[in-house]
Amino acid sequence: MTTVTSPRVLAHPAREEIRLENVLHALADPMRLRVVRELAAVDADLSCSDVELPVTKSTTTHHFRVLRENGVIRQTYQGTAKMNGLRRDDLDALFPGLLDRVLEAADSQERRLTDG
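Definitions and limits used
Residues numbered from 1 in each chain as written. Predicted model: local features only at pLDDT ≥ 70, side-chain atom pairs only at ≥ 80, totals over all residues. Heavy atoms only, no water. Salt bridge = Lys/Arg side-chain N within 4 Å of Asp/Glu carboxyl O. Helix = DSSP H or I, 4+ residues; strand = E, 2+ residues; numbered from the N terminus. Buried < 20%, exposed > 50% of the residue type's maximum accessible area, 1.4 Å probe, protein only.

- As annotated in an unreviewed UniProt entry, the chain is Helix-turn-helix domain-containing protein from Streptomyces peucetius.

1. Structural notes on the pattern of salt bridges
Thought 1: Taken as a whole, this structure holds 9 salt bridges when the rule is applied.
Thought 2: Salt-bridge contacts for D90 lead to R15; the nearest nitrogen and oxygen are separated by 2.7 Å. Of this pair, D90 sits in helix α4 (residues 88-94) while R15 is found in the segment before α1 (20-28), placing the two residues 75 residues apart along the sequence.
Thought 3: Taking relative accessible area as the criterion, R15 reaches 35% and is therefore assigned partly exposed.
Thought 4: R37 serves as the salt-bridge partner of D107, at 2.5 Å between the closest nitrogen and oxygen. Placement of D107 in helix α5 (residues 98-115) and of R37 in helix α2 (residues 30-42) is noted, with a sequence separation of 70 residues between them.
Thought 5: Overall, D107 belongs to the partly exposed group, its relative accessible area being 33%.
Thought 6: Because the salt bridges share partners, they merge into one network encompassing R15, R74, R87 and D90.

Okay, structure coming up:
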């Protein structure tokens, strides 16, 4: 894990510390998968407040922390905003195609559930 040097720098696992089972755990939750889908759709960093989840602020914070601590997203401060971006390069290097297949499966499931 990177060392936290101030309250404005958040710890992230190094690429070699990211484990498949942790990534899958992070993606298994519907709210966290929703965050990842939104980040992938815009292919840009979003602030926490740009991602609307139907849960409390503290629960939203928890979901972002789980994604960060398991290597799925990178969080950085820009001014007072905490910005979030997918660690696509790291995930694709470690688990080629995994993120794309998960996102495709989530889209397929959503279509099936809304059409059915």
